Amino acid sequence: MEVNRIYKGNCINKLTELESNSVDLVYFDPPFFTQKKHSLVTRDESKKYEFSDSWDSLNDYLDLIEACLIECKRVLKETGSVFLHCDKVASHYIRLTLDKVFGMKNFQSEIIWSYKRWSNSKKGLLNSHQNIYFYSKSKHFKFNQYYTNYAATTNIDQILQDRKKTAKGKSIYKTDEDGNIVLGKEKKGVPLSDTWEIPYLNPKAKERVGYPTQKPVLLLKEIIKIVTDEGDLVVDPFCGSGTTCVAAKSMDRNFIGIDASQDAVELANRRLEEMIITDSALLNKGYNSYLEKSEYEMAILKSIDALPVQRNSGIDGFLRKHFNEKPVPVKIQGKRETLNDAIEKLEKSCQGKEFELKIVIQTRKESRGNRLFELESDIEIIQSQELIIEELKEKSTVPNTVYN
Ligand SMILES: C[S@@+](CC[C@H](N)C(=O)[O-])C[C@H]1O[C@@H](n2cnc3c(N)ncnc32)[C@H](O)[C@@H]1O
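Residues numbered from 1 in each chain as written. Predicted model: local features only at pLDDT ≥ 70, side-chain atom pairs only at ≥ 80, totals over all residues.

### Focus on helix H6 (residues 243-250)
This is how it is decided: Exposure criterion: with C-beta atoms placed from backbone coordinates, a residue whose C-beta has 20 or more other C-beta atoms within 10 Å is buried, one with 12 or fewer is exposed, and one in between is partly exposed. Per the convention used, a helix needs a DSSP run of H or I reaching at least four residues, while a strand needs a run of E reaching at least two, with both numbered from the N terminus. The contact criterion used here is simple: two residues whose C-beta atoms, placed from the backbone, lie within 7 Å are in contact.
With six of eight residues buried, H6 lies mostly within the body of the structure. Among the structural elements, strand E1 (5-8), strand E2 (23-28), helix H5 (217-227), strand E13 (233-236), strand E14 (254-259) and helix H7 (262-273) are those in contact with the buried residues of H6. Of the residues flanking the end of H6, it is Asp252, one or two places downstream, whose phi is positive at about 60°.

Okay, here's the thing in structure tokens:
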């Protein structure tokens, strides 16, 4: 079977064409047993992609997974690994199937891929992770160790000092006979953990091709980097839009993609010709860099029972309770903003949206009419508690009596 190609067909049949002991990594993201058809229309609405995830029984589904795993094990090198992507619907059955085919002793990790979601969840916890099982073919599996930074809570002693066990087995910091601290060996950081926070592709990401359940290339790159080297062969038997193949190609690995859908095969080939990988600013900068509200602003929003909104210069939050069944945007007058500036910014952010009530919180004393023109606006202005107190104090100050 030629490498660096996408094949159309049932993966069980196609995998039999692959030579035994020839593959370094198999990643697969099969249907998750959702018992529905997945479909999605491309952004320009020119094409609808779909695949079926409806099964007569759970056994039918697991039979396919098991048959695929048996072939995966055969084609993997002794140093190779399989990564199976699933979610809470069938993960517990899939893990048993993996144990059956690969053996419990070859279980390496359950990776939790977690991401932030914005959703009005139905009753229960908001689902915001998927599971990726990592099994090796043998104990001789290839693994490239990566390290991450220490946590903010790690203290300098934990980083620098060596440890030893007391007679009772308690772990303590090592000291020499004079009681001086013994510095530990060079540390590279914290080994990459099995919980990965990688953003889901946002609806506007250029990488998004409109294929249902498309995974981010960044997620696949993480997997590929830890168990393969340049020139290795990566196989995805349920490749869909070709995400794994795009990631493998961008990292100078060889690849083989298989999918039962002709549309998917054509799409994957197009993606491989013009590779678009969206860098995640969120991943580079970290979630905390997006939290830009000051403690002062958070306190104001809390005092009026509003939820904060980040990264919008015109709206700082929304009242938790709607007014006339519409959300109520709130803008806090900034330290360097006139009241008119604040009103203008809120109006701009509200353009095209019909709110019944819009609020500016005035934080500094000033008259509104200090502009050449007055803004036409139905925004309600409320003074912050601080400003109300300031004005109260001013009013109650008795003017100095002047004696002749
Ligand atoms: C969850 S999607 C994969 C999405 C992919 N990871 C991506 O990022 O675009 C599952 C894919 O499996 C394919 N599929 C379902 N049964 C198959 C089978 N027996 N053999 C090959 N492909 C199959 C579907 O056509 C679908 O594209």
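Still to come is the rest of the account.
### Things to note about the sheet that holds strand E12 (residues 195-197)
Using the following cut-off: A pair of strands counts as paired when DSSP detects no fewer than two bridges linking them. Only the stretch in contact is used when a helix axis is fitted, and all axes are lines through C-alpha atoms; the angle between N-to-C directions ranges over 0 to 180 degrees.
Strand order in the open sheet formed by eight strands is E1-E14-E13-E2-E5-E7-E6-E12, with mixed pairing between adjacent strands. For this open sheet the edge positions go to E1 and E12, each flanked by a neighbour on one side alone. The average angle at which neighbouring strand axes cross in this sheet is 20°, direction not considered. Docked against the sheet, helix H2 (residues 58-75) engages E2, strand E5 (76-86) and E13, running at close to 150° with respect to E5. Its contacts with the sheet put helix H3 (residues 91-102) on E5, strand E6 (107-114) and strand E7 (129-136), and the angle it makes with E7 is roughly 5°.

### Describing the nonpolar core
When a protein is soluble and globular, its nonpolar side chains tend to lie buried together. Threshold: Nonpolar cores are identified as sets of buried Ala, Val, Leu, Ile, Met, Phe, Trp, Tyr and Cys residues joined via C-beta atoms within 7 Å.
Of all hydrophobic cores here, the largest spans 57 residues; its most connected members are Val23, Val26, Tyr27, Val82, Leu84 and Val234. Residues within four places of Val82 in sequence aside, it is in contact with Val26, Cys72, Leu76, Phe102 and Tyr135. With 14 residues, the next largest nonpolar core counts Val328, Ile332, Leu346 and Ile361 among its residues.

### Topic: the sheet that holds strand E18 (residues 359-362)
Strand-to-strand pairing in sheets goes through backbone hydrogen bonds, with the strands running parallel or antiparallel. The strand order across the open sheet built from five strands is E15-E16-E17-E18-E19, with neighbouring strands paired in mixed fashion. Across the chains shown, the open sheet's two edge strands, defined by having one partner strand only, are strand E15 (306-308) and strand E19 (380-383). Strand-to-strand twist of the sheet, defined as the mean angle between neighbouring strand axes without regard to direction, takes the value 30°. For strand E16 (residues 317-319) and strand E17 (residues 329-332), the ladder comprises two bridges, and the chain directions are antiparallel. When the sheet's bridge partners are listed, Gly317 is paired in E17 with Val330.

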